[in-house]
Structure formats: C-alpha cells, structure tokens
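# Residue-level structural notes
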Amino acid sequence: MSEAPTLDMADFDPQDLALEDIDVSQRSIWIHDKKMAFFERLRDEAPVHYCKDSEYGPYWSVTRYKDIMEIDGNWQDFSSEPAITILEPEEDFPLPMFIAMDPPVHDEQRKTVQGSVAPANLKLMEETIRSRTQRVLDDLPIGEQFDWVDRVSIELTTQMLATLFDFPFEDRRKLTRWSDVATADEESGIVESEEARQAELYECLEYFTRLWHEREEQGERSDLVSMLAQGEATKNMTPQEYLGNLILLIVGGNDTTRNSMTGGVWALNQNPGEYAKLRNNPGVIPNMVSEIIRWQTPLAHMRRIANKDYVLDGQTIKAGDKVIMWYLSGNRDERSIDRPNEFIIDRDKARQHLSFGFGVHRCMGNRLAEMQLRILWEEVQKRFHMVEVIGEPKLVPSNFVHGYTEMQVVLHPH
Amino acid sequence: MPKITFIEHDGTQHTVDAEVGKTVMQAAMDNLVPGIDADCGGECSCATCHVMVNADWTGTVGGPNEAEDSMLDLNPERAANSRLSCQMTVSDDLDGLIVDLPEFQF
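Residues numbered from 1 in each chain as written. Chains lettered and ligands numbered in written order. Predicted model: local features only at pLDDT ≥ 70, side-chain atom pairs only at ≥ 80, totals over all residues. Heavy atoms only, no water.

### Observations concerning the overall build of chain B
Quick reminder of the rule: Under the scheme used here, helices are H or I runs from DSSP no shorter than 4 residues and strands are E runs no shorter than 2 residues, and both carry numbers assigned from the N terminus. The globule rule used for comparison is 2.2 Å times the number of residues to the exponent 0.38, while the radius of gyration itself is calculated over C-alpha atoms. Exposure categories follow from relative accessible area, calculated using a 1.4 Å probe and restricted to protein chains: below 20% of the type maximum is buried, above 50% is exposed, and the middle band is partly exposed. Pairs of residues are marked as contacts when any of their non-hydrogen atoms sit within 4.5 Å. Here the Shrake-Rupley method, with its probe set to 1.4 Å, supplies the accessible areas, and only the displayed protein chains count as covering residues.
When helices and strands are tallied, chain B shows 3 helices and 5 strands. Ordered by position in the sequence, the α and β elements of chain B form the string β-β-α-β-α-α-β-β. The globule rule puts the C-alpha radius of gyration for 106 residues at 13 Å, and the 12 Å found for chain B is close to it. Counting the 106 residues in chain B, one finds 48% classified as buried. When contacts within chain B are restricted to residue pairs at least 6 apart in sequence, long-range pairs at least 24 apart make up 64% of them. Approximately 4600 Å² of chain B is accessible, and the part contributed by carbon and sulfur atoms is 45%.

Shown next, in the form of structure tokens:
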C-alpha cells in the first residue's frame, strides 16, 4: 500500500484522472456501475495498463479482445497458479483447484470430471432440465412482484448443481450459500469475517466428505463426487484440494449461469426492440443465448502470473507480474466486436465472445450453460408476453462475479 | 480449387470448393457447412472446429500440432483421427479430402 491517500475512482470521470492513477479493481466503480467508462479509456489509451498500487497489490490490466485471447491461449508464458482471481489466496487457507493449476496436473484432474458436462451427457439431461424449468415457471405468481434472482435464477442453477453432484435435493440451497461464501470477502456483506468464511467452507468440506465416503466404494456412478472419489488423478487429493475443486465446480456452475439468467431479462427490458424481435422469432433463442452471455460476462476477469518477461502492445510485463484479463472489457471492444455496447439478439458471430475464456482453461460447462439458458427462454416465451423488470436490479459488489443479488419483476402472460 | 467433403453426424454430405492457403475450418464457414462453430475464430483456443479425418486421408493430413493436441485432449469424445480444422491448411494435396463432423462440438 502507498502512503498517499487512495483516490476513490467513483468520484471521478475517467477522463479527469491521470492514466497512472486509474485502478479498475476498486470496488466503488463496480458498486456504482461506473466501470465501463474506465475500461473504455484503458482500451483506447492504455490497453496494457500498469496499476502500481491497489488493494490487491500492483497488477497489469489487459482490456482489448485480441490481447486477452493472446494471453489466455498461452499457458506456457502465463501461469494460472496459485489462483485465478485478482485477490491473493489466504496463506493459511490455500484452495488448490484445477482451474488454478497449469498442465499437466490441470489436464489430468479436469479430464476426470469433464465427461459429466460433455455434450453427449447433456443430451440425456435435456428432458430433466426442461421439466424442472417448466415447474419453476409454472409456480411463479402472475401480475405480482417477486425477485427473479431468487425464484428463477438461483433455483434453476442450484437444482442443476444438486443433480450434477447427486447432492441431497432438500439441502440444495446450501450449495447456493457455499458458492456465495466462496467468492465473498469481509467487505461484501456476505460473511462477517475471514474466519467465519473459512468456518462455513469447512462445513461444506465436511458435508461433501460424507458423500465422498459413501460413494468411493459404490461402483461406477456419473455424479461429480463419485468421479472425483474414484478418478485416478483425484482419488488421493488432500481435503483442502477436494474443497478447492468442489468450490470450483460449485461457483463455476452457479454464479455464472445464474447471472446470465438474470442479465438476459434485464437486457431485453432495456432494449424493447430486441424483445419484440424475440416474440416474433423464437428461433433466434440459441443465438440470443450467446449474446446474453457476451453482454453479461458473468465473470468479469481471470488472472495470470507471467512466467517470463513478455512484450504486449509495447509494454513489458515482467516475469512474476500479475496480469488481469478483463473479459468484461474485451467483450465491449469495438476493434473486435461490431457495435459492442448494443445488445443485438440476432448478432452475426454471436458465439465469438470471451465469457468462457480461451485455451486449456476454457469453461468446461459452456455447453450446459447454453442449454440451460436456451431451455429457460424457450419455456419463458411459451408462457409470458413479458417479464417486466421493476426498478433496477441490485448488483453484486464484486470485480469478479459480475451479477445481481436481486431483481424485482412482474410477469405478463400472453 | 481443391474439393473437401464434410459429412455431418446424420450422414448429410457437403462437398465444397476450398481456397488454397485458407484453413479447412474457413472452407466450412465460407460455405455455411453446419456443425462447425469456430468460437475463437481460428486461434486454436476453443476446440469447436473439431473434425475426424477419413481413414484414407490420415496419412496425407498428418496428426495434430502440439498446441492443437493439448486443446483436443480436453475433449472426452476425441478420436485417434481427430483434428482441429483451423489448424489444417488447404493445399492441392488435400483435393478430395473427406472429414466427418462430430455429433456435438465441445
């Protein structure tokens, strides 16, 4: 930390700050939804930008689409260890997980679980997901205000996770809680202290350790706990490594799709012309799903550590430096995406976005996420003329999880 | 121009004229062959342009390069003749090439 008082970014127009004083990690610009203007300035004037001091120490911001692809695809020069967010891991509470490991260990562990969400398996799940989605939507009140985040987005993603883990269904909201706790810190309002956070995560480990013991002897089953308990590359994991990988799978399957489920409704409400397009042509839904995932970018960044000195856009990133790839910014880069600030459900090449990452760490559940969102929108369109957002949704106070804690809506049937 | 035949999982065949120097992925995209997504646009970073090379052609085409191999390796449905079509450059030697498309892209 520097001795000078820290500037609060939210008090400034980004154009009024010296480039060297800009810190896009500051929570205030995320809470007050001012980050996009800061990213625009960095993309235009300092696409590879060094912040010499922040709450998380010094770091580089990479904000253009093509530069992010270059780094994401290069695991040899940019390591994912020991963590993939800007926040440094707690020294006394390391959480090893395969997304935060480099090849070859990453590949071995990932392969153990990849099959559970591979396309062939998804075909088998489609009908279950559809009937659950129908049930959730049919239970919603008509013409009466309620929280879409809680009743739809959290409920559907949590049910899906419970199925993938074969987790006791009645306890499924524990998964939601652990997901929120895992990405929380003391200032998030979700946990009271780091100690309280760790205590809750140990409860998670304890619960899942019971499931592990039940399943390690049960013969071949296709749930994620059995896959981890029986897989050659994972069966001898330490408890902390088991917890790390559980959190990866819980957060990966929860915080992401949840916020795209909410973000899509919000985007359509702000773009009535696009909502009309959707009503006239439900065939556009698969394309719209990709556009929602780009527009929302539910994980705003991933981090790497440079393994060697590396020159990018004329800047020298030194070996050992922390590099933040701002996916949210890259997905708004007009150098690579036509009219990037507009939400266009029939956009050409909508699949070409950064939200899933690229390279060996690319999102493992991308096809599942797309399927969940497609089914949701198919079923919503069958039932409702409009899901109307009342007021503005509340944002998660985070520079990593880019999403919503609450969004009040009213349903209007056909 | 060399001709390349893409065979969808359901057996539908698409024979297209491919421009020398472009990639097999681009030949499919230029001719609107369904079943190839190419989410990364040809950077060997997403593995969504996966094809299986016909047995008569595996010798001519050869195996994957190192970066391609590590991307293919993430796909549980990888086969011995799997390639990423963005890493295959069209040449006159590939005139008549036949590739099968997987049921799903990764």
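### Observations concerning helix 14 (residues 366-383) of chain A
Under the convention used in this document: To estimate how far a helix should extend, the number of its residues minus one is multiplied by 1.5 Å.
For helix 14 of chain A, with 18 residues, the first-to-last C-alpha span of 26 Å sits near the 26 Å given by 1.5 Å per residue. By the criterion of burial, helix 14 of chain A is predominantly enclosed, with 15 of the 18 residues buried.

### So, helix 10 (residues 239-270) of chain A
Residues separated by three or four positions in an α-helix point in the same direction, a consequence of the helix having 3.6 residues per turn. All names here are of chain A. Quick note on the threshold: One axis fitted to the seven residues ending at a residue, another fitted to the seven starting there: the angle between these axes is the bend at that residue.
Along its 32 residues, helix 10 runs 46 Å from first to last C-alpha, staying within 8% of the 46 Å computed at 1.5 Å per residue. The largest bend along helix 10 measures about 25° and falls at Val251. A large share of helix 10 lies buried, amounting to 28 of its 32 residues.

### Considering the side chain of Ser329 of chain A
Residue and element names in this part refer to chain A. Stated formally: In protein, a polar contact requires one atom able to donate a hydrogen and another able to accept it; more generally it is a pair of N or O atoms within 3.5 Å, and residues adjacent in sequence count only if both atoms are side-chain atoms.
Along the polypeptide, Ser329 turns up in helix 13 (residues 327-330). Of the polar contacts made by the side chain of Ser329, one reaches the side chain of Arg43; its length is 3.0 Å. Apart from residues lying up to four places away in sequence, Ser329 is in contact with Phe39, Arg43 and Thr63.

### Re the side chain of Thr85 of chain A
Inspection of the secondary structure puts Thr85 of chain A in the loop between strand 3 (78-79) and helix 4 (105-114). Setting aside chain neighbours within four positions, we find Thr85 of chain A in contact with His301, Arg303 and Phe400 of chain A.

### Describing the environment of Phe39 of chain A
All names here are of chain A. By the element assignment, Phe39 lies in helix 2 (residues 35-45). Spatially, the C-alpha atom of Phe39 lies 7.5 Å from that of Val24, the residues being 15 residues apart in sequence. Every residue in contact with Phe39, bar those within four places of it in the chain, is listed here: Val24, Trp30, Thr63, Trp326, Leu328 and Ser329.

### So, the state of the cysteines
Covalently bonding the sulfur atom of one cysteine to the sulfur atom of another cysteine gives a disulfide. All names here are of chain B. As a reminder of what qualifies: Any cysteine sulfur atom paired with another within 2.5 Å is treated as part of a disulfide.
Tallied over the entire structure, the rule returns 0 disulfides over all chains. In this structure Cys44 is not part of a disulfide, and its nearest cysteine sulfur, from Cys86, lies 5.2 Å away. The thiol of Cys86 is unpaired, and the distance to the nearest cysteine sulfur, on Cys49, comes to 3.9 Å.

### A few points about the packing of aromatic side chains
Residue and element names in this part refer to chain A. Put simply, the rule is: Each aromatic pair joins two rings of Phe, Tyr and Trp (for Trp, the six-membered one) with centres within 6.5 Å, and gets the label stacked for planes under 30 degrees apart, edge-to-face for over 60, and tilted for any other angle. Should the NZ of a Lys or the CZ of an Arg lie within 6 Å of a ring centre and within 35 degrees of the ring normal, that charge is described as sitting over the ring.
Across all of its chains, the model carries 14 aromatic pairs over all chains by this definition. Plain terms: the ring middles of Trp30 and Phe39 are 5.9 Å apart, the flat faces sit at 70° to each other, and that makes the pair edge-to-face. Accessibility classification places Trp30 together with Phe39 in one group, the buried group. With 5.1 Å between their ring centres and 65° between their planes, Phe165 and Phe208 make a pair best called edge-to-face. Placement of Phe165 in helix 6 (residues 148-165) and of Phe208 in helix 8 (residues 194-216) is noted, with a sequence separation of 43 residues between them. Like Phe165, the residue Phe208 is buried in the burial classification. These aromatic residues form a ring-pair network of at least three members: Phe165, Phe167, Trp178, Tyr207 and Phe208. The lysine or arginine in question, Arg279, covers the ring of Tyr275, its NZ or CZ lying 4.3 Å from the ring centre.

### As for the sheet that holds strand 12 (residues 408-413) of chain A
Residue and element names in this part refer to chain A. Just so we agree on the cut-off: For two strands to be treated as a pair, DSSP must find at least two bridges joining them. For every element, the axis is a line fit to its C-alpha atoms; helices are fit only across the contacting stretch, and the angle between N-to-C directions ranges from 0 to 180 degrees.
Strand order in the open sheet formed by 3 strands is 4-12-9, and the pairing between neighbours is antiparallel. For this open sheet the edge positions go to strand 4 (146-147) and strand 9 (384-389), each flanked by a neighbour on one side alone. Of the strand pairs in this sheet, strand 4 and strand 12 are connected by 2 bridges, and their pairing is antiparallel. Each residue of the ladder has a partner; that of Asp147, found in strand 12, is Gln408. On top of the sheet, helix 14 reaches strand 9 and strand 12; it is set at about 110° to strand 9, its chief contact.

### Looking at the sheet that holds strand 4 (residues 82-84) of chain B
All names here are of chain B. The 5 strands lie next to each other as 2-1-5-3-4, forming an open sheet whose pairing is mixed. A single partner strand is all that each edge strand has here, and the edge strands are strand 2 (13-17) and strand 4. Going from strand to strand, the sheet's axes swing by 35° on average, the running direction of each strand aside. Relative to strand 2, strand 1 (residues 3-7) runs antiparallel, the two sharing 5 bridges.

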